[in-house]
Amino acid sequence: MKIGFTTLSMFMDDNLEIIKKAHDNNFDMIEILGESPFFRKENTMAFKDCGLEVSIHGATVDLNIASLNEGIKAESVKQLKECIDYAESINAHAVTVHAGKIGRNDPPLRKQALEFACESISELVDYSENVIISVENMPVRKNFLGNKIEELEMFKSECGCNITIDLGHGNTTGNNEELLELKNITYCHLNDNDGVKDQHITLGEGTLDLELLKKVKKGIIELNNFDNILKSKKVIENSI
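Residues numbered from 1 in each chain as written. Predicted model: local features only at pLDDT ≥ 70, side-chain atom pairs only at ≥ 80, totals over all residues. Heavy atoms only, no water.

A. Summary view of the overall build of the chain. What the chain contains, in helices and strands, is eight helices and eight strands. For 240 residues, the compact-globule estimate of 2.2 N^0.38 gives 18 Å, and the chain sits close to it at 17 Å. Projected onto the principal axes, the alpha-carbon positions of the chain cover approximately 50 × 40 × 30 Å. The 240 residues of the chain split such that 52% are buried. Excluding contacts between residues fewer than 6 apart, the proportion of contacts in the chain whose partners are at least 24 apart in sequence is 73%. (Helix = DSSP H or I, 4+ residues; strand = E, 2+ residues; numbered from the N terminus. Rg over C-alpha atoms; globule rule 2.2 N^0.38 Å. Buried < 20%, exposed > 50% of the residue type's maximum accessible area, 1.4 Å probe, protein only. Contact = heavy atoms within 4.5 Å.)

This is the structure we're talking about:
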């Protein structure tokens with residue numbers, strides 16, 4: 001498995017220090033947290049040709065590409081296009097995005113939101129020149145889109161995107177085995193939880209079946225603490 005980590009775990013550090021930590025600890029990949037305050041800082045171009053496979057987790061805070069509010073939807077797409085522009089400038093491999101959410105889980109509203117999500121994802125796919133657009137599966141909460149296999153399959157077939165599989169999210173929806181059978185997986189997010197809440201805890205400290213790690217080709221450890229990143233890396237190396 002190629003292993004990387006999210007810059008969420010070091011988001012207050014300089015980008016050069018993040019890259020150095022990745023190399024010092026023998027990581028192969030890195031996923032940049034795409035929220036503006038954290039990636040628009042000094043040395044933003046340091047990730048270009050840095051010796052790591054680089055991806056970006058597109059901005060999510062206050063955004064919703066499936067919003068029924070046209071203005072919010074448009075601004076959300078605009079900000080993700082800015083993430084794609086940055087990804088293109090540093091030769092990043094992929095941008096992971098969330099499909100969005102709905103205010104309440106009424107079937108007609110969900111159907112409409114899924115249509116809007118498809119519109120937005122298709123627009124992002126068309127906008128990108130060299131970067132893969134990859135939609136992430138979401139945890140069990142009913143207002144999230146993309147936490148069902150059939151929705152992810154729809155995004156792939158109708159929008160031409162890839163899929164990012166979050167095993168922690170899949171642990172809450174109970175369908176990790178099926179998720180890992182999907183085609184066109186860009187990479188996986190690796191984290192653990194109690195099977196109920198999306199806790200993003202160290203691998204091995206929750207109920208995630210660690211045997212699943214053997215099926216992962218590329219994994220980004222997605223935690224907010226670098227010490228726990230290193231603990232999870234050891235768990236991976238002992239499990240595969």
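Right, picking up where we left off after that structure.
B. Spatial organisation of the pattern of salt bridges. In the structure shown here, the tally under the stated rule is 13 salt bridges. One salt bridge in this structure joins lysine 156 and glutamate 153, with 3.5 Å as the shortest N-O distance. One end of the pair, lysine 156, and the other, glutamate 153, are both in helix α5 (residues 149-159), three residues apart, so they sit about a helical turn from each other. Overall, the relative accessible area of 13% leaves lysine 156 in the buried class. Residue glutamate 153 is classed as partly exposed on the basis of its relative accessible area of 35%. Across the pair glutamate 237 and lysine 233 runs a salt bridge whose closest N-O atoms are separated by 2.6 Å. One end of the pair, glutamate 237, and the other, lysine 233, are both in helix α8 (residues 226-239), four residues apart, so they sit about a helical turn from each other. (Salt bridge = Lys/Arg side-chain N within 4 Å of Asp/Glu carboxyl O.)

C. Up close: the layout of surface pockets. Each pocket or cavity is described by its volume, and for the largest pocket that value is around 370 Å³. Around the largest pocket, the lining is made up of 21 residues, and of these Leu8, His57, His98, His200 and Glu222 lie nearest the centre. Considered class by class, the residues forming the lining of the largest pocket number seven nonpolar, seven polar and seven charged. (1 Å grid on protein atoms, 1.4 Å probe; cavity = no way out; pocket = protein on both sides within 12 Å on 5 of 7 lines; lining within 4 Å. Points joined across faces, edges and corners; volume = space filled by probe spheres on them. Nonpolar A, V, L, I, M, F, W, Y, C, P; charged D, E, K, R; others polar.)

D. Summary view of unusual backbone geometry. In this structure, asparagine 26 takes a positive phi of about 60° despite not being glycine. By the secondary structure assignment, asparagine 26 is in the loop between α1 (15-24) and β2 (29-34). In this structure, aspartate 62 is a non-glycine residue whose phi angle is positive, near 65°. Judged by its relative accessible area of 73%, aspartate 62 falls in the exposed class.

E. Structural detail: the packing of helix α3 (residues 70-89) against helix α4 (residues 107-127). Running from N to C, α3 and α4 cross one another at 30°; their axes reach a closest spacing of 10 Å. Between α3 and α4, the angle falls in the class roughly parallel. Two packed elements cross with a definite hand, and for α3 against α4 that hand is right-handed. Contact residues: α3 offers Lys73, Val77, Leu80, Lys81, Ile84 and Asp85, while α4 offers Phe116, Glu119, Ser120, Glu123, Leu124 and Tyr127. (Axes fitted to C-alpha atoms, helices over the stretch in contact; angles between N-to-C directions. Parallel < 35°, antiparallel > 145°, perpendicular 65-115°, else oblique. Left-handed = near helix turned anticlockwise from the far one by under 90°.)

F. View of the packing of aromatic side chains. A complete count under the given rule lists three aromatic pairs for this structure. Consider the rings of phenylalanine 5 and phenylalanine 27, whose centres lie 4.8 Å apart with planes at 65°: the pair is edge-to-face. Pair noted here: phenylalanine 5 is in strand β1 (residues 2-6) and phenylalanine 27 is in the loop between α1 and β2, with a separation of 22 residues, a long-range link. Across the ring face of phenylalanine 116, the terminal group of lysine 73 is positioned such that the distance to the ring centre comes to 5.6 Å. (Phe/Tyr/Trp six-rings, centres within 6.5 Å; stacked < 30°, edge-to-face > 60°. Lys NZ or Arg CZ within 6 Å of the ring centre and 35° of its normal.)

G. Molecular detail of α1. Residues of α1 that are buried: Asn15, Ile18, Ile19 and Ala22. Buried residues of α1, viewed axially, fall in a sector of 95°; they line one side. In the core, the buried residues of α1 are packed alongside β1 and β2. The residue sitting at the N-terminus of α1 and contributing the capping side-chain oxygen is aspartate 14; that oxygen lies 2.8 Å from the backbone nitrogen of leucine 16. (Arc of directions from axis to C-beta. Polar contact = N/O pair within 3.5 Å; in protein donor to acceptor, adjacent residues only side chain to side chain.)

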